[in-house]
Amino acid sequence: MTDFNYDKSLHLKKLLPKDAIDKIDNWIGKYPADRKRPPIIAALTIAQEHNGNYLTEDLMQAVAEYLDVPHIAVYEVATFYSMFHLNEVGEFVISVCNNISCSMRGANKVIEHLQNRLNIKVGETTGDGLFTIKTVECMAACGGAPMLEVNKVYYENLTEEKIDQIISDVTMLRSKKSKSTEVKK
Amino acid sequence: MGKVHIEINGQKLEAEVGSMIIEVADNADIYIPRFCYHKKLSVAANCRMCMVDVASLPKAVPACATPVAEGMVINTKSDRAIEAQKSVMEFLLINHPLDCPVCDQGGECELQDLSVGYGEDVSRFTEGKRVVKDKNLGPLIATDMTRCIHCTRCVRFGQEIIGIREMGATGRGEHVEIGTFIESTLESEISANIIDLCPVGALTAKPSRFKARAWELQQTTSIAPHDCLGSNVYVHHRRGEIIRVVPRENEDINEVWLSDRDRFSYQALTEGERLLKPRIKNNGKWQETDWQTALNLVVKEMKRIIGGTEGKEFGALLGNNVTTEESYLTQKLIRGAGCNNIDFRMRRRDFSGDGRGSVRSGFNFPLAELDNMDATLLVAADLRHEQPLSAIRVRRSTGFGSAMAINPFDGEYNFRLDEELQPKPEMLAQEYAAVLVAADAKRPDILSAEAKEWLSGIKAEEVHHRIASNLIESENACIVVGVYVQEHPQAEVINWISESLANVTGAKWGYMTQGGNSAGNKIAGAVPSQSAAGGKAIKGKNAKQMIKDGLKGYLLVNCEPDVESVWSKEALTNLEKAECVIALTSYVDGRVSEYADVMLPIAGCYETSGTYINVEGKWQSFTAAVKAPDEARPGWKVLRVLGNLLDLKGFEYESSKQVIDELREVFDAVSDRRNARKVPPALGKVSDKDVTRESLGLYMVDPMVRRAKALQQTPKASTHPISISRVKTS
Amino acid sequence: MANEVCFRTLHLDTPWSLEAYESVGGYSSLKKIIAGKLTHEKVIDELKLSALRGRGGAGFPTGLKWSFMPRNMPGNKYVVCNSDEGEPGTFKDRDILRYNPHQLIEGMIIAGYVMNAEVGYNYMRGEFYEPYDRMESAIAEAKSKGYLGQKILGSDFNFELHNHMGAGAYICGEETALIESIEGKKGQPRFKPPFPANYGLFGRPTNVNNTESYASVPVILEKGGQWFLDLGKPNNGGTKIFSVSGHINNPGNFEVNMGTPFADLLEMAGGALGGTKLKAVIPGGSSSPILPIDIMMGLTMDYDAIGKAGSMLGSGAVMVLDETTCIVELAAITAHFYYEESCGQCSPCREGTGWMSRVINRILKGDGRAEDLDNLERVATNIMGRTICALGDAAAMPVKGFLKHYRHEFEYMIEHKRSLVKG
């Protein structure tokens, strides 16, 4: 049942590119050598980034093996922190804040506009797999309310025009990216 | 530790500095309600039920996490305390289902009990209740996770006691759920203790699910039969049927725990294919008959074979968990009838030590001391799979001390090993002897010249010196020799090394034994070298000789040599070849019905009275919890009647107590003469064919466990944990 | 006067650069310390004198906190910065991290020196990618100049600083939850005592302060505790960054003297959005109880004044609300937030936050009942003081505040099934 010559780090190395593994190793270096769990959050974040914004059971298991921690320890973390997605999401996750300040400044209109524009509801993903809308709690940018985040980037002081611009910018970025990979091939 | 003086509910108490209010209250029998607190687990302080009123503090505080201080005045029942407790109770109940009538925990539920005292009749919560999907934790534990109150006792048990984190609390806030990583069966051999720990009906025993209500159960105290610890249990039964087995607290043995094996093996009795009537084989066909006919036939056959061969062609083999009364009567019967071939050690290869060592026990220190060892050396000991509850004691000691192992297999440990040597099985004695060499180098005044001479060819490496030094320098040190050594062709050499190493280093030592009653069997005289209580005996054949050489007649007492023996193949051949095999057994299935000629139905372990003697030498007697089914009778009664029918003297017992009292009297009269082991002959070479390459698995050790349905469905049932094929080559 | 402490580089071109920071006197306190002109006792004395109080929300005196660290205990000790910034309404630390990272770094190095700690972690919330990049660059800059790392400025003092990222959990702003989170676990607060100063990160003595607190330290040491104290009021020393948001014309961060009248702050923020009438203010982040505007207009912005009025200065997150604000709706948003963010450990908070959120949402939907308000009040009371951490109180206090000042809006909605404000 157990293969004792099995290198526990291989699983993750198969699933992630080398630069991602290097990044994880860099995080491991930040903590005392006898502590295995501190890099869990960073490793999951990196794994998620490289897997289309969401985590799979396989990835979580691989992260646990790579860091040599119990599977459940990784699973607890993945289910506790709201930035981890355990179901498939779009390539671009649009997180709209609807806490107090943003609500006072029209977060509901932002959500409504996004839903109409992308023709999906909050929590759903567009048919082309590009966008997911989710609502989130305060992201510490209330001075720019209403605001949203697309993957790693904040957009503040939103208006309908600005939202349209963001979506077309992102879509364009995406098509450029896929073209460049085509060239590579 | 200093003391402080406090007052709880007007009662003046003295308490250890640093203890928590709840501990002091528990010791004084002052009840404080609680869900997450458990004396064997770390303090979580998350349920908030144990709020009490401390005069000097502005608000109620949790008794589980508030240390006592000099002059503290505590009230557990003031308005402030009760108000806090009641409000917490309300929070715990709002999302708890009102399904007590269909809940297995009903009647013994901590939440139910406390809600009677602290809950309201009508809920002020009118929103929808939370529903949580059940988890599949395998064949032993049923889940109803909607009932979970998130006390995390089960999670902490895994983390702290088992040492293997399988369960966790995932998600957050109201969505926290207790479970495993993706649905998976719990792999621990002591997993089911979380059933007892769960204060509500979220985790219940699957095999006994919906079988009875708690208030219908009667309980009988008993002793678990599957390992040499002799865990204390309650057998819960209703109208003569065993419903479940649960731990009975005994700090010296099993604390508050029970291994899964001891907890669920009862299923063999309730759901196994039981032998209900005596049966005899007639022209290869089984025929049910009455006791009289069957016993007459047994007597006739015994007389024929024993009489015709001067006792040489007959022999008795016993299982590892027959009661001491049964083995005492078996040897008395066999020897009385003129036969000296008797043994229970079907997994032993080396009999050169017969007549040596202590007649009392394998251990020269109490098992509970394993908790406090600064250094523990394991020698071929796979504690997790042999004596699961001893592994958690060693684990506890590694919180401050160290554990080391010379194990010829890739063991599974739930504690950290500071040193690990993994010799090939055939090199075990050599590797171990090197530690003795190292110890002798450090303390040269203890070993005899003869012993030093014996060790002269063996060289100690740095690791052996480290191990020896650790044993010498630690205030409390011990050597635990595992069951695997009992099967080793150089068992006696290894025992001599252990005894010598203990002498040189000042460590305590002990060897674990197979099954639940090896010590009792030996004391009862069920060995060819000595009679009861170490008395003299005319030497007969040992188990190896009886099995390998073949006999004309066998008496099998609650054992299946074709499975249990290290010579299982030869056992099967010779049992099939024998003229007459008499099996005292509780079951009809298995090979026994092929090779036996007479099958006598005997009671299972919770169906008879008896005594087990554990590895420390504790005599633990028990009564029958339920009656054996149909015509099955307690083994001691069957043996007594056989004694009568053979016209043997001294078989006039009216109770099993008279049997054990007779043995006890002889035993108490004998002092514990330990016959020191002599320096063994030079170490010979062991062939790799002569060592156990695959041990009996955790759930394979005796006829009862092999028939326990739920245990057989667990992942541990299908593996042989110390399979030597997994050994790393060094 | 504004932007004198944490935002003192803000007027410069690239305020986050080492060059900019050095140009305003950055790292001079560290140099003084390394040169032996400022002992660790003196640092703590100056901090005590300055009356700097924890800027994360609790307002605990920083000098006193630093004095609790057992600096002579052998073994590792840690300096941890709380840049989790999760309290709704608060967005000041993000700007310190983005615009003046070196001042935080210097503050943490000094803390390391005072506490004899050689490793520091700056815990930032997971969404702070931009601040993370700024911090990483700043750390690299500081290392290259010898301010950070091994043998700082040629001395025997070593201090390594690492950025750690969370992944979305408000509770990690609680210092022991934050410690658990650095340890790679769920952010579940620990029971105290023991406090982090004795048993903190990896079981070692640990000092946790907010970003703004650490970033205030270099300036205090440069200009003196008395100078800092004089900026503010007795027991409320220095400047404070107020994150002003909501219905105002010019939302943003304003670093002003402690004790500045609210009316002045409101003016700086451009007054009511579109000139509407203001209704109320949540003065210190979403867990501070709401105060009606007429009470607010008479208050100064400091711990004591806001506290006396029945709320809290908290993290300095000032949310201004105009007359179009429906308090029931506001209460629903707030209650939902705490319901979402409860870590789930203690029964009262885990169960109580969901209960409150559901009742308020039911009222909002028009299904309220007369007994709901007393029940809400009771549930909030029962959560308070009964949990391991302060989140239980944080969830209960705003609900009690809304009911205290605006119960009539709830009653109206229960009776008429529509909002008193919005109709």
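Residues numbered from 1 in each chain as written. Chains lettered and ligands numbered in written order. Predicted model: local features only at pLDDT ≥ 70, side-chain atom pairs only at ≥ 80, totals over all residues. Heavy atoms only, no water.

Enquirer: Would you mind going over the confidence of the model for chain A with me for this structure?
Expert: All names here are of chain A. Taken as a whole, chain A shows an average pLDDT of 91; of its residues, 91% reach a score of 70 or greater. The least confident element of chain A is helix α8 (residues 160-184), whose mean pLDDT is 76; the most confident is helix α3 (residues 40-49), at 98. Here residues 1-5 scores under 50 on pLDDT; set against residues more than four positions off or in separate chains, the count is four contacts. (pLDDT = per-residue confidence, 0-100. Helix = DSSP H or I, 4+ residues; strand = E, 2+ residues; numbered from the N terminus. Contact = heavy atoms within 4.5 Å.)

Enquirer: Where do I start with the domain arrangement of chain A in this structure?
Expert: How large an interface is tends to be reported as the accessible area lost when its parts come together. One can read the domain layout of chain A as domain 1 (8-80) and domain 2 (92-184). The distance between the C-alpha centroids of domain 1 of chain A and domain 2 of chain A comes to 27 Å. (Domains from an automatic or database assignment.)

Enquirer: It is not clear to me how the sheet that holds strand β10 (residues 218-223) of chain B should be interpreted in this structure. Could you clarify?
Expert: Paired through backbone hydrogen bonds, the strands of a sheet run either parallel or antiparallel to each other. Residue and element names in this part refer to chain B. Pairing is antiparallel across the open sheet formed by three strands, whose spatial order is β10-β11-β12. Each edge of the open sheet is held by one strand with a lone partner, namely β10 and β12 (241-247). Direction aside, the axes of adjacent strands within the sheet are offset by 30 degrees on average. Sheet topology places strand β11 (residues 232-238) next to β12; six bridges connect them, and they run antiparallel. Of the residues in β12, the one forming a bridge with Val233 is Pro247. (Pairing = 2+ DSSP bridges. Axes fitted to C-alpha atoms, helices over the stretch in contact; angles between N-to-C directions.)

Enquirer: Can you help me understand the pairing of β11(B) in this one?
Expert: Residues in a regular strand project their side chains so that they alternate between the two faces of the sheet. Residue and element names in this part refer to chain B. The buried count for β11 comes to six of seven residues, which makes it a mostly enclosed element. Two elements, β10 and β11, share six bridges in a ladder whose sense is antiparallel. If you follow Gln219 over to β11, its bridge partner there is His236. Taking the residues that link successive antiparallel strands as the turn, the β11-β12 hairpin has two residues, and the phi of Arg239 there is positive, at about 45 degrees. (Buried < 20%, exposed > 50% of the residue type's maximum accessible area, 1.4 Å probe, protein only.)

Enquirer: Just to check I follow, could you spell out the interface of chain A and chain C for this structure?
Expert: Across the contact, 36 residues belong to chain A and 57 residues belong to chain C. For the pair chain A and chain C, the summed buried area comes to about 3,700 Å², and 61% of that belongs to carbon and sulfur atoms. Ranking the residues of chain A by area buried against chain C places Phe80(A), Ile100(A) and Met104(A) at the top, with a combined share of 17%. The closest approach of N and O atoms between Arg94(C) and Glu156(A), which form a salt bridge, is 2.7 Å. Our count for the chain A to chain C interface comes out at 18 residue pairs in polar contact (both at pLDDT 80 or more). Looking at the side of chain A that touches chain C, the elements with two or more residues in it are α3, α5 (71-80) and α6 (100-104) of chain A. When residues of the side of chain A that touches chain C are assigned to their parent elements, the largest contribution, four residues, is made by α6(A). Grouping the constituent residues of the side of chain A that touches chain C by class yields 19 nonpolar, eight polar and nine charged. (Buried area = accessible area lost by both parts, 1.4 Å probe. Salt bridge = Lys/Arg side-chain N within 4 Å of Asp/Glu carboxyl O. Polar contact = N/O pair within 3.5 Å; in protein donor to acceptor, adjacent residues only side chain to side chain. Nonpolar A, V, L, I, M, F, W, Y, C, P; charged D, E, K, R; others polar.)

Enquirer: I tried to follow the packing of aromatic side chains on my own but got confused; where do I start?
Expert: Any two aromatic rings considered together are summarised by their centre-to-centre distance and by the angle between their planes. The final tally for this structure, using the stated rule, is 29 aromatic pairs over all chains. Between Phe92(A) and Phe131(A), the ring centres sit 5.9 Å apart and the planes meet at 35 degrees, which makes this aromatic pair tilted. With a gap of 39 residues between them, Phe92(A) in strand β1 (residues 92-97) and Phe131(A) in strand β2 (residues 131-136) connect regions that are remote in the sequence. What makes Phe92(A) buried here is its relative accessible area of 8%. When the ring of Tyr612(B) is compared with that of Phe622(B), the centres are 5.1 Å apart and the planes differ by 45 degrees; the resulting orientation is tilted. Highlighted residues: Tyr612(B) in strand β27 (residues 610-613) and Phe622(B) in strand β28 (residues 619-622), separated in sequence by ten residues. You'll find Tyr612(B) and Phe622(B) in the same group, each marked buried. One aromatic cluster is present, formed by Tyr31(A), Tyr78(C), Tyr121(C) and Phe202(C) through successive ring pairs. The ring centre of Phe80(A) lies 5.7 Å from the NZ or CZ of Arg172(B), which sits over that ring. Lying across the ring of Phe242(C), Lys240(C) places its NZ or CZ 5.8 Å from the centre. (Phe/Tyr/Trp six-rings, centres within 6.5 Å; stacked < 30°, edge-to-face > 60°. Lys NZ or Arg CZ within 6 Å of the ring centre and 35° of its normal.)

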